[in-house]
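Spelled out, the chains give:
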Amino acid sequence: MNAESRMPEKPGPGSTPGRGPLPRRRLRPALAALVLAVSVVVAVVALGGGGESADRPATASASDAPSAAPPADPALLALARRESGDPYAVGKPDAPVVLIEYSDFQCPFCGRFARETKPELLRDYVEKGVLRIEWRNFPVFGQESEQAARAAWAAGRQGRFWQFHDTAYAHPRERNKGDFAEKALLKMAGEAGIEDLDRFRADMASPAADAAVTRDIEEGYALGVSSTPAFLVNDRPVLGAQPTDVFAEAIEAAEAAAEARAQGGTDE
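This write-up is about the structure you can find in this document. (Residues numbered from 1 in each chain as written. Predicted model: local features only at pLDDT ≥ 70, side-chain atom pairs only at ≥ 80, totals over all residues. Heavy atoms only, no water.)

Observations regarding the environment of Trp 162
Moving on, step 1. Locating Trp 162 in the fold gives a position in helix α5 (residues 161–168).
Moving on, step 2. Separated by 75 residues in sequence, Trp 162 and Pro 87 have C-alpha atoms that sit 7.9 Å apart.
Moving on, step 3. Engagement of the side chain of Trp 162 in a polar contact is seen with the backbone oxygen of Ala 89, the distance being 3.3 Å. (Helix = DSSP H or I, 4+ residues; strand = E, 2+ residues; numbered from the N terminus. Polar contact = N/O pair within 3.5 Å; in protein donor to acceptor, adjacent residues only side chain to side chain.)

Following this line, the structure appears as structure tokens:
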């Protein structure tokens, strides 16, 4: 995340005929100010990389754990949707900690998080009622990334988002080489147990899919997200596929802060 963030790139000349790029709107000034509130913490976690943007080379280095969180920021805490029955979330709506993930299905670091870190977080925190994970589509690598984001939304319409997520991230895939073309996405949908593929195809191409993905993009952009994966643990940003210990420390600190607030204390 950084103050000089940019929107995900528009599809190139190979875009599907009749479909334009996802609609874009400019950042609202009030939300842009949030970037300043988190910039110090972001600078700490960004030092190690572990994330990717469309114009930044991949790096496999990892940073040290982020520094102690500042006092709770209500505007950042409010980004958690906590909607009951949300197919793009896992964990109790009233869990004390919400981890919001902004990811791209073509991002290799996002895949690494999905395969290596998320299963541990599910076991150690989600299943114990401490953590809720909420997904946000944040496609940064062009047309196939946007197609995959729409497909993920369509999978959620049939209650199979996380199965689609796990199928898409099951192994590394080549970027913009057809691995997320419509035919490949339909195959993934079948593997994820989506029964009505005609509905899946229609949902994927619908204006509602565009609107849902755009909502996620604008939320991330307003926060200052410019590379993937990026996370918000309650009000604490973490950038990149950091080691599991970094997430564990952030989750446990956020849980302690939430408990202090609930008891009328302070998390400073």
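A look at the side chain of Glu 144
Moving on, step 1. Mapped onto the secondary structure, Glu 144 falls in helix α4 (residues 143–157).
Moving on, step 2. Buried Glu 144, no salt bridge; nearest opposite-charge side chain is Lys 177, N-O distance 9.1 Å.
Moving on, step 3. Apart from the residues within four sequence positions on either side, Glu 144 is in contact with Gln 106, Asn 176, Lys 177, Gly 178, Asp 179, Phe 180 and Ala 181. (Buried < 20%, exposed > 50% of the residue type's maximum accessible area, 1.4 Å probe, protein only. Lys, Arg positive; Asp, Glu negative; His and termini not counted. Salt bridge = Lys/Arg side-chain N within 4 Å of Asp/Glu carboxyl O. Contact = heavy atoms within 4.5 Å.)

Structural notes on the pairing of strand β5 (residues 236–239)
Moving on, step 1. The alternating pattern of β5 places Arg 236 and Val 238 on one face and Pro 237 and Leu 239 on the opposite face, and all of these are buried.
Moving on, step 2. Pairing geometry for strand β4 (residues 230–233) and β5, over four bridges, is antiparallel. Residue pairing for β5: Ala 230 is matched across the bridge by Leu 239.
Moving on, step 3. Taking the residues that link successive antiparallel strands as the turn, the β4-β5 hairpin has two residues, and the phi of Asn 234 there is positive, at about 55 degrees. (Pairing = 2+ DSSP bridges.)

Re helix α7 (residues 197–204)
Moving on, step 1. Looking at α7, one finds that the buried residues are Phe 200, Asp 203 and Met 204. Mapping the buried residues of α7 onto a view down its axis gives an arc of 100 degrees, with all of them on the same face.
Moving on, step 2. Where α7 is buried, its residues touch α4, α5, α6 (182–191) and α8 (207–223).
Moving on, step 3. Between a side-chain oxygen at the N-terminus of α7 and the backbone nitrogen of Asp 198 the separation is 3.3 Å; the capping residue is Asp 196. (Arc of directions from axis to C-beta.)

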